[in-house]
Amino acid sequence: ATTAGYYLHLFIKEHTNNTENININIRAKSSIAPSSSSVVLQIWNKTTTSWVTLATESSAGAGTEFLLAGAVSASLSDYYDTNNEVAVRIYQQRT
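Residues numbered from 1 in each chain as written. Predicted model: local features only at pLDDT ≥ 70, side-chain atom pairs only at ≥ 80, totals over all residues. Heavy atoms only, no water.

Q: Explanation requested: the sheet that holds strand β4 (residues 50–57) in the structure shown.
A: The strands making up a sheet associate through backbone hydrogen bonding, with each pair oriented either parallel or antiparallel. In spatial order, the strands read β1-β6-β3-β4; together these 4 strands make up an open sheet with antiparallel pairing. Each having just a single partner strand, β1 (6–14) and β4 make up the two edges of the open sheet. Averaged over all pairs of adjacent strands, the angle between their axes in this sheet comes to 25°, without regard to strand direction. Bridge analysis of β1 against strand β6 (residues 85–93) gives 9 bridges, and the strand direction is antiparallel. In the strand pairing of β6, E14 is matched with E85. (Pairing = 2+ DSSP bridges. Helix = DSSP H or I, 4+ residues; strand = E, 2+ residues; numbered from the N terminus. Axes fitted to C-alpha atoms, helices over the stretch in contact; angles between N-to-C directions.)

Q: Looking at this model, I keep getting lost on the pairing of β4. Mind explaining?
A: A regular strand places its side chains on the two faces of the sheet in alternate fashion. Relative to β4, strand β3 (residues 39–45) is paired through 7 bridges, and the arrangement is antiparallel. What sits directly across from I43, in β4, is V52. The turn joining β3 and β4, which pair antiparallel and follow one another in sequence, is formed by 4 residues; a positive phi near 50° is taken by T49.

Q: Where do I start with the packing of aromatic side chains in this structure?
A: The description of two aromatic rings rests on the distance between their centres and on the angle between their planes. Within this structure, the stated rule accounts for 2 aromatic pairs. For the pair Y6 and Y91, a centre-to-centre distance of 5.6 Å together with 75° between the ring planes defines the contact as edge-to-face. With Y6 in strand β1 and Y91 in strand β6, this pair connects stretches of sequence that are 85 residues apart. Exposure remark for Y91: the relative accessible area of 21% places this residue in the partly exposed category. (Phe/Tyr/Trp six-rings, centres within 6.5 Å; stacked < 30°, edge-to-face > 60°. Buried < 20%, exposed > 50% of the residue type's maximum accessible area, 1.4 Å probe, protein only.)

Q: Just checking my understanding: could you explain the environment of H15 for this structure?
A: When you line up the elements, H15 lands in the loop between β1 and β2 (22–28). Overall, H15 belongs to the buried group, its relative accessible area being 12%. Note: C-alpha distance between H15 and E85 (70 residues apart in sequence) is 6.1 Å. Among all residues touching H15, those that are not within four sequence positions of it are E20, N21, Y80, N84 and V86. (Contact = heavy atoms within 4.5 Å.)

None of this, on its own, says anything about what the molecule does.
This is the structure:
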């Protein structure tokens, strides 16, 4: 039996400054169809200490490559840390 939980991958994206818009593009594939359990792209908001959803894939089939794309162009200081890095994650609930 499969235990309930999440598949999760965390990325740290480094920039040369903290004033550029944040653009995230991730090509992904899952053995669990996103049409059955959505795959979510989120970015960490350090000001509110919460994850903000940028994109969701909920129509691809199992084993099919898909693109998760999102952008942040306002309140950039909420997302960049002191090293000009942002934290991004993708996750999918196991079924």
